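Fold and contact review
As a plain string of letters, each chain reads:
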Amino acid sequence: YPVRLVDVSEARCFLKRFNDFRLLHLALVDHAPAWLVVPELPDPQQGTLLSVMRKPLRQGLQDYVEALLRQVEELDAVVELEVFFGADAPDRVFPDTDDLREEPPRPRLMTLSEFVG
């Protein structure tokens, strides 16, 4: 699922899988600050192989991200969000390759223990 995040310094784009969001959710439930309200993840059964049917899941993930980010002024306020959406986060893509000085390192999947650090 494509994710675009705009903060004060730059716009970042990511290609995330539902499982990435699931791992983020588990990390937030276990380790997030008490003031952060972690919303429910959308039902993955909303997404099927047909792209038309995936729209409800994509919208659910968008709502999930927006509900999290509305609660923080900066990503580093919650380590798990910084790891997931920060400048060095895995699965980042660079759509404007003309601005790219060098090829970014190929991301790898993280285990849950690496993710929560």
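Up top is the structure.
Quick notes on the rules
- Residues numbered from 1 in each chain as written.
- Predicted model: local features only at pLDDT ≥ 70, side-chain atom pairs only at ≥ 80, totals over all residues.
- Heavy atoms only, no water.
- Helix = DSSP H or I, 4+ residues; strand = E, 2+ residues; numbered from the N terminus.
- Buried < 20%, exposed > 50% of the residue type's maximum accessible area, 1.4 Å probe, protein only.
- Areas by Shrake-Rupley, 256 points an atom, 1.4 Å probe, with all protein chains shown as cover.
- Pairing = 2+ DSSP bridges.
- Phe/Tyr/Trp six-rings, centres within 6.5 Å; stacked < 30°, edge-to-face > 60°.
- Lys NZ or Arg CZ within 6 Å of the ring centre and 35° of its normal.
- Patch = residues over 30% accessible without salt bridge, like charges linked within 9 Å, V, L, I, M, F, W, Y side chains within 5 Å.
- Salt bridge = Lys/Arg side-chain N within 4 Å of Asp/Glu carboxyl O.
- Lys, Arg positive; Asp, Glu negative; His and termini not counted.
- Charge placed at Lys NZ, Arg CZ, Asp CG, Glu CD.

1. Considering the overall build of the protein
Along the protein, the regular secondary structure elements total four helices and three strands. Secondary structure elements in the protein, listed N-terminal to C-terminal, are β-β-α-α-α-β-α. For the protein, the residues scored as buried account for 34% of the 117 residues in total. Of the roughly 8,000 Å² of accessible surface on the protein, 53% is carried by carbon and sulfur atoms.

2. Notes on the pairing of strand E1 (residues 2–6)
For a regular strand, side-chain orientation follows a simple rule: the groups alternate between the two sheet faces. Burial along E1 is one-sided: the residues Val-3 and Leu-5 are buried and none of Pro-2, Arg-4 and Val-6 is. Strand direction decides the pairing type here: E1 and strand E2 (residues 11–15), joined by five bridges, are antiparallel. Opposite Pro-2, over in E2, you have Leu-15 as the bridge partner. Here E1 hands over to E2 after four residues, the two strands then running antiparallel side by side.

3. Some points on the packing of aromatic side chains
In total, this model carries three aromatic pairs according to the counting rule given. An aromatic cluster of at least three residues, connected via ring pairs, comprises Phe-14, Phe-21, Phe-84 and Phe-85. The ring of Phe-84 is capped by Lys-16, whose NZ or CZ atom sits 4.0 Å from the centre of that ring.

4. Things to note about the sheet that holds E1
Here we have three strands laid out as an open sheet, ordered E1-E2-E3, and antiparallel in their pairing. Of all strands in the sheet, those bounded by a partner on one side alone are E1 and strand E3 (92–93).

5. A word on a negative patch on the surface
On the surface, a cluster of negative charge is made up of Glu-73, Glu-74, Asp-76, Glu-82 and Asp-88. Turning to its location among the elements, Glu-74 is positioned in the loop between helix H2 (51–69) and helix H3 (79–85).

6. Looking at the environment of Leu-36
Residue position: Leu-36 is located in the loop between helix H1 (18–31) and H2. Judged by relative accessible area, Leu-36 falls into the buried class, the value being 6%. Along the primary structure Leu-36 and Gln-71 are separated by 35 residues, whereas in three dimensions their C-alpha atoms are 6.9 Å apart.

7. Quick notes on the pattern of salt bridges
Within the structure shown, the criterion is met by two salt bridges. A salt bridge links Glu-10 to Arg-12; the nearest nitrogen and oxygen atoms lie 2.9 Å apart. A relative accessible area of 28% places Glu-10 in the partly exposed class. Its salt-bridge partner being Arg-92, residue Glu-10 comes within 3.0 Å of it at the nearest N-O pair. Pair noted here: Glu-10 is in the loop between E1 and E2 and Arg-92 is in strand E3, with a separation of 82 residues, a long-range link.

8. Some remarks on unusual backbone geometry
Non-glycine residue Asp-91 carries a positive phi angle of around 70°. Note that Asp-91 resides in the loop between H3 and E3.

By themselves these figures say nothing about function.
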